[in-house]
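One letter stands for each residue in the lines below.
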Amino acid sequence: MAMASNRLSYEMLHDASDRTRTQTESSTFLPTTSAKGMLVKADAGALRCPVHNVPYGSPLKPGDGEDEAALYERFIEKHPSARDSFEHVAEHIKGKHIALFLDYDGTLTPIVNDPDQALLSDEMRDTIRRLASVCPVSVVSGRGRRKVESFVSLPELYYAGSHGMDIAPPTEGRWSSTSEKAGGTEANPALRAAMRHVDEQLRKALKPIPGASVEDNTYSITAHFRRCSCSEDGDRVKAIVHEVVANLVANPPVLEEELEFPELKVTSGRKVLEVKPMFAWNKGRALRHIVGVLKKLSGYDDLFCLYIGDDRTDEDAFAVFSDQVAEASDSAMESGQSDVLDGIGILVTTIPKATLGTHTLKDPDEVRQFLEKLAVYGERDGRTWQ
């Protein structure tokens, strides 16, 4: 089956840019000024787990009279290992066409101090290549798309970078495009121009802090503080990032060609802060977009999604499989795409967390072992894509 080029367009992103967000996103909103200079009130109210009363993706604490071991046992009982209970996962996907979605850092590779050294192992690459011959595979990352593509080096995959704001189809293999690749066309010139200003200001402000670094992810900018030698320096990084972004949105620079400087938000991750446009677009919306493309071009309605991720931002993808989100808020999906998709989320973690995922894996090595089982299932018992 030939896949047409489906690079995420500026028009699609613009339609989603209602300056709101899905309530599942764990974000810290900065006070910003609107185009008319009016102050927009900060809002940090992410959708919270009703059982534990914490944002999804947050670590859990033991209850009264409960130790860490008992908490973990209770957590695993509710969110069993996808590797060890593969038969249970197989029951979900039996007779359906699988679409696989994978986060990168912390999922396919371990979290490392130097983000440029988060290299994919040959074993993991071979396993993913094997899966791509059975079902469509997408890598969905907060990293810039081109950087993730260079790390993975598998042209037969979909790649969604900058938390899904930059999506490109495969260029080789059974899912590849038959038309000219969209190539280097930017999804939104204003976003790229704005992110260049953010990158420049953050690099200048964080340069004096040992161990701090800034990564340009095209449509988002990441400030890393994992290599800072003390917690005080990490706190300085956080304070400076918020100050720089607050100044930029309060006094937006003039962009070329009369492009409008977007409102910004800061989200937290594992020893990182990410600066992103305040658009209602995230990994969940990226997943929906790719699923829509696959359904339209294949004619298959029995699509079952498997999404594996380790970060708070991956909870946005888990949310599209959960009717809990729809029940919790009528505005859970501001885009109007509030239908629940068929699929499961698998959280990569060694500690109990509030999550919309149904299963867990401990680390990238367990992820690889699970994917190997999935490849065997797809080749032998599963319904492969013809």
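It should be noted that the structure appears before, not after, this text.
Now for a quick tour of the structure. Predicted, not measured: the structure shown is a model, and the values here were computed from it.

## Comments concerning the overall build of the protein
Scanning the protein from N- to C-terminus turns up eleven helices and 15 strands. Of all 386 residues assigned to the protein, the portion counted as buried reaches 54%. For the protein, restricting intrachain contacts to residue pairs at least 6 apart in sequence, the fraction spanning at least 24 positions comes to 70%. Taken as a whole, the protein presents about 16700 Å² of accessible surface, with 48% of it coming from carbon and sulfur.

## What to know about the packing of aromatic side chains
On inspection of all chains with the given rule, the structure shows five aromatic pairs. Taking the centre distance of 6.5 Å and the plane angle of 15° together, the rings of Phe101 and Tyr307 count as stacked. With Phe101 in strand E5 (residues 97-102) and Tyr307 in strand E13 (residues 303-309), this residue pair connects regions lying 206 residues apart in the sequence. As far as the burial class goes, Phe101 and Tyr307 line up, both buried. Arranged with centres 5.8 Å apart and planes meeting at 85°, the rings of Tyr307 and Phe318 form a pair that is edge-to-face. Here Tyr307, found in strand E13, pairs with Phe318, found in helix H9 (residues 315-318); they are eleven residues apart in sequence, far enough to count as distant. We note that Tyr307, like Phe318, is buried.

## What about the sheet that holds strand E10 (residues 221-224)?
Taking strand neighbours across the sheet as the criterion, the four strands line up as E9-E10-E12-E11 in an open arrangement whose pairing is antiparallel. Across the chains shown, the open sheet's two edge strands, defined by having one partner strand only, are strand E9 (213-216) and strand E11 (264-268). Strand-to-strand twist in this sheet, taken as the mean axis angle between neighbours without regard to direction, amounts to 20°. Sheet topology note: the E10/strand E12 (residues 272-277) ladder contains four bridges and is antiparallel. When the bridges of E12 are listed, His224 appears paired with Val272. Packed on one face of the sheet, helix H7 (residues 231-250) meets E10, E11 and E12 and runs near 10° to E12.

## Considering the pattern of salt bridges
Scanning all chains against the criterion turns up 22 salt bridges. Note that Asp84 is salt-bridged to Arg83, the shortest N-O span being 2.9 Å. Using a relative accessible area of 54% as the deciding quantity, one classes Asp84 as exposed. Note that Asp339 is salt-bridged to Arg288, the shortest N-O span being 3.3 Å. Of this pair, Asp339 sits in the loop between helix H10 (323-328) and strand E14 (343-348) while Arg288 sits in helix H8 (residues 283-298), placing them 51 residues apart in sequence. Residue classification places Asp339 among the partly exposed residues on the basis of a relative accessible area of 45%.

## Some details on the environment of Glu215
Turning to its location among the elements, Glu215 is positioned in strand E9. Accessibility expressed as a relative area gives 6% for Glu215, which makes it buried. In sequence terms Glu215 and Asp116 are 99 residues apart; their C-alpha atoms lie 9.4 Å from each other. Excluding residues that lie within four positions of it along the chain, Glu215 makes contacts with Pro115, Arg143, Lys147, Arg203, Ser220, Ile221, Thr222 and His224. Among the polar contacts listed, one links the side chain of Glu215 to the side chain of Arg143, at a separation of 2.9 Å. One polar contact links Glu215 to Lys147, side chain to side chain, over a distance of 3.4 Å.

## Here's the deal with H7
With 20 residues, H7 extends 29 Å between its outermost C-alpha atoms, agreeing within 8% with the 28 Å of an ideal straight helix rising 1.5 Å per residue. Buried within H7 we find Asp233, Gly234, Val237, Ile240, Val241, Val244, Val245, Leu248 and Val249. Viewed end-on, H7 has its buried residues packed into an arc of 155°, placing them on one side of the element. Exposed side chains of H7 directed beyond 90 degrees from the buried face belong to Ser231 and Glu243.

## As for the pairing of E13
Counting buried positions along E13 yields seven of seven residues, so the element is predominantly enclosed. Here E13 shows no split at all, with Leu303, Cys305, Tyr307 and Gly309 on one side and Phe304, Leu306 and Ile308 on the other all buried. Relative to E13, E5 is paired through six bridges, and the arrangement is parallel. Bridge pairing in E13 links His97 to Leu303. Alignment of E13 against E14, held across five bridges, turns out to be parallel. Paired with Cys305 across the strands is Gly343, a residue of E14.

## Observations regarding the pairing of E9
Looking at chain direction, E9 and E10 are connected through four bridges and run antiparallel. When the sheet's bridge partners are listed, Glu215 is paired in E10 with Thr222. Count of turn residues in the E9/E10 antiparallel hairpin: four residues, of which Thr218 carries a positive phi of about 75°.

## Digging into the environment of Phe225
As for its position among the elements, Phe225 is in the loop between E10 and H7. Phe225 gets classed as buried once you look at its relative accessible area, which sits at 11%. Sequence separation between Phe225 and Ala212 is 13 residues, and the spatial gap between their C-alpha atoms is 4.8 Å. Not counting residues up to four positions away in its chain, the partners in contact with Phe225 are Gly234, Val237, Lys238, Lys271, Val272 and Leu273.

Cut-offs applied
- Residues numbered from 1 in each chain as written.
- Predicted model: local features only at pLDDT ≥ 70, side-chain atom pairs only at ≥ 80, totals over all residues.
- Heavy atoms only, no water.
- Helix = DSSP H or I, 4+ residues; strand = E, 2+ residues; numbered from the N terminus.
- Buried < 20%, exposed > 50% of the residue type's maximum accessible area, 1.4 Å probe, protein only.
- Contact = heavy atoms within 4.5 Å.
- Areas by Shrake-Rupley, 256 points an atom, 1.4 Å probe, with all protein chains shown as cover.
- Phe/Tyr/Trp six-rings, centres within 6.5 Å; stacked < 30°, edge-to-face > 60°.
- Pairing = 2+ DSSP bridges.
- Axes fitted to C-alpha atoms, helices over the stretch in contact; angles between N-to-C directions.
- Salt bridge = Lys/Arg side-chain N within 4 Å of Asp/Glu carboxyl O.
- Polar contact = N/O pair within 3.5 Å; in protein donor to acceptor, adjacent residues only side chain to side chain.
- Expected span 1.5 Å × (residues − 1).
- Arc of directions from axis to C-beta.

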